[in-house]
Amino acid sequence: MADKVLMKGNEVIGEAAVLAGCRYYFGYPITPQSEIPAYLSRRLPEVEGVFLQAESEVAAINMVYGAASAGARVMTSSSSPGVSLKQEGLSYIAGAELPCVVVNVVRGGPGLGNISPAQSDYWQATRGGGHGDYRTLVLAPNSVQEIADMTIAAFELADRFRNPVLLLVDGILGQMMEPVQLPAPLSYDLNQKPWALGNPNRKGGRNLCSTIFLDVEQLEEHNWHLYQKYQVVTDEFAKGAYQHLAVETHAVDDAEIILVGYGIISRILKTVVEKARKRGIKAGLVRPKTLWPFPSQVLADLAARTKQFLVVEMSCGQMVEDVKLAVNGRKPVFFFGRTGGTVPSDFEILNEVDKLVRPD
Amino acid sequence: MTMEQVFARPKCMTKTPFHYCPGCDHGVVHRLIGESLDELELGDKTIGVAPVGCSVFAFDYFTFDFNQAAHGRAPAVATGIKRVRPDHIVFTYQGDGDLAAIGTAEIIHAANRGEKITVIFINNAIYGMTGGQMAPTTLVGMKTATSPYGRDAQLCGNPIKMAEMLATLEAPVYVTRVSVNTPANLMKAKKALKNAFRLQKEGKGFTFVEVVCICPTNWGKTPNDAHKWLAEKMLPVFPLGTYKDVLGVDKG
């Protein structure tokens, strides 16, 4: 076991990508993720990898499209406005069924917004973001250690399902320093994907990477094929194949009110649960670690036992819709949010809990 | 007495019939690419990148691996492929809307980085697949679906000259403009393509071959009239010739 080291979240994304066998990174500077390209511009040449600062986020994601089609483990990263620019490429990558990892260190929006941490890209991340019927897996760590573990998991999931995987990190986690135990490096062979362009280890014939199906029946068939793949992803998560990545629950067994939050908010909510319980309020926490597929079943099961839910986000309320879908009207679902780059304090969330539990 | 075969389909091309309009130059340029790669024995070590436009299905006509890129992004996609597979010839095949409008940033920066790829640029002064709209290369006064009164330079600028622009950059090793409008020009075009692929094989740097082509369908002309129009109207604006040849391959 390696010793723990003190590292910044963004730099850990870079190092964990290298440990996962990623040797190609294409990106464009934007705050608050700029430490990722800065780190990889030093690190990738040490392992004979390629770091390339692209002329735009659009170019960067299309370089990822090219590199992924040629069989590489490849990553790009950006922050909210830059991730909007990557949506064109993400749609192509999903449509062509190529694996890659895309990091969004989320900042306040819409538009240029600001560079402070936010969670207002949830819809863009979990609903596709680009055009067409497609899905991307979305992982949402809440610590620097989890950033390391989930970055590696993202590459493995991307290859497993031949699909883009998003790492949704808010600006706090990207900028925060914490002790981290870096995982052991994975070996990756450029020629292990028989479908990759230029791969000599193919199964005969030529390899083609394309997303055009002019024949409507062919495109419909392709879309249902993608849909069935997304069903497999959802089923495998629902059956617990990725339990360590899917969801964390805390003090839910006797909870009368269940707080729901992801990313950095979940750490604040843990404090809220402790403080609420000291006040005699039976509060619990559900933390989705994977945002798509969403851990709906866990929330559905708890809906039978608890009295109400409070979803807390650094947005005007996005994930709350998924919680409502999971709870499906069985119990009330309330929302509390701060947005624009502000972070709610445990105190103000506790006040909300108080108001809900003791309405008068 | 046995007959000697003097003309055949290039080995790296499929038997799929071209979907292009009658008289279109795409088929001719495709064939020149196929012949060049065969003669350089690179047909099984090549990866093509198809654009968005009439040649979106270019991959149907070649036997080697292909990626079909988003509109304008082929040089970025080719960059990603070439960085992963440096032992392969990687080329893009792009039209004027693709390369000189929506993909301007991608082509200029791929050229400026000196990506070791070959870009084949089909300039026919019009958008083909979408139905004959004004392109960045449309001539002043030329009527198209979106310039019904003729291109007005005051409103839409003048035709953009990509070969001349790219030749101002340090990194490209070979930038040339050819046409396939006459047998002599066709032979020069093939030589240019072979030069470009050979330079890439030798790892010399970025190579760019612009081919001034006709679009009879969207120009509303017969193929013969279109070739006449190309010679009279297009070539004065887009003069044929080599704009950058760092290693002197045109002379060799």
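Residues numbered from 1 in each chain as written. Chains lettered and ligands numbered in written order. Predicted model: local features only at pLDDT ≥ 70, side-chain atom pairs only at ≥ 80, totals over all residues. Heavy atoms only, no water.

Chain B has the name 2-oxoglutarate oxidoreductase, beta subunit in an unreviewed UniProt entry, where Candidatus Ozemobacter sibiricus is given as its organism.

In the annotation of an unreviewed UniProt entry, chain A is listed under the name 2-oxoglutarate oxidoreductase, alpha subunit and assigned to Candidatus Ozemobacter sibiricus.

## Observations concerning the sheet that holds strand 11 (residues 257–260) of chain A
Residue and element names in this part refer to chain A. Taken together, five strands build an open sheet; the order of strands is 10-12-11-14-15 and the sheet is mixed. The strands lining the two open edges of the sheet, one partner per strand, are strand 10 (247–250) and strand 15 (333–337). The average angle at which neighbouring strand axes cross in this sheet is 20°, direction not considered. Note: strand 11 against strand 14 (residues 308–313), four bridges, orientation parallel. The partner of Ile258 across the bridge, within strand 14, is Phe309. This element, helix 14 (residues 346–357), spans strand 11, strand 14 and strand 15 of the sheet and lies at about 160° to strand 14. (Pairing = 2+ DSSP bridges. Helix = DSSP H or I, 4+ residues; strand = E, 2+ residues; numbered from the N terminus. Axes fitted to C-alpha atoms, helices over the stretch in contact; angles between N-to-C directions. Contact = heavy atoms within 4.5 Å.)

## Quick word on the side chain of Gln33 of chain A
All names here are of chain A. With respect to the helices, strands and loops of the structure, Gln33 is situated in the loop between strand 2 (24–27) and helix 2 (35–46). Residue class for Gln33 comes out buried when judged on its relative accessible area of 0%. Polar contacts involving the side chain of Gln33 include one to the main-chain carbonyl oxygen of Ile30, which spans 3.0 Å. There is a polar contact of 2.6 Å between the side chain of Gln33 and the side chain of Ser77. Excluding residues that lie within four positions of it along the chain, Gln33 makes contacts with Asn10, Tyr25, Tyr28, Ser77, Ser78, Ser79 and Val105. (Buried < 20%, exposed > 50% of the residue type's maximum accessible area, 1.4 Å probe, protein only. Polar contact = N/O pair within 3.5 Å; in protein donor to acceptor, adjacent residues only side chain to side chain.)

## Let's talk about the pattern of salt bridges
Residues and elements named next belong to chain A. A complete count under the given rule lists 34 salt bridges over all chains for this structure. For Glu352, the salt bridge goes to Lys355, with nearest N and O atoms at 3.0 Å. One end of the pair, Glu352, and the other, Lys355, are both in helix 14, three residues apart, so they sit about a helical turn from each other. When salt bridges with common partners are traced through the structure, they connect Glu146, Glu248, Lys270, Arg287 and Lys289 into a single cluster. (Salt bridge = Lys/Arg side-chain N within 4 Å of Asp/Glu carboxyl O.)

## Here we look at the layout of surface pockets
Residues and elements named next belong to chain A. Taken as a whole, the largest pocket holds about 670 Å³ of empty space. Lining the largest pocket are 32 residues, with Thr234, Trp292, Pro293, Phe294 and Ser296 positioned closest to its centre. Every element with two or more residues in the lining of the largest pocket is listed here: helix 9 (216–238), helix 10 (243–246), strand 10, strand 13 (290–292), helix 12 (296–303) and helix 13 (319–327). If you tally residues by element for the lining of the largest pocket, the top one is helix 9, at nine residues. Viewed by domain, the lining of the largest pocket spans two of them, domain 1 (5–210) and domain 2 (246–357), each represented by three or more residues. Empty space within the second largest pocket amounts to approximately 460 Å³. (1 Å grid on protein atoms, 1.4 Å probe; cavity = no way out; pocket = protein on both sides within 12 Å on 5 of 7 lines; lining within 4 Å. Points joined across faces, edges and corners; volume = space filled by probe spheres on them. Domains from an automatic or database assignment.)

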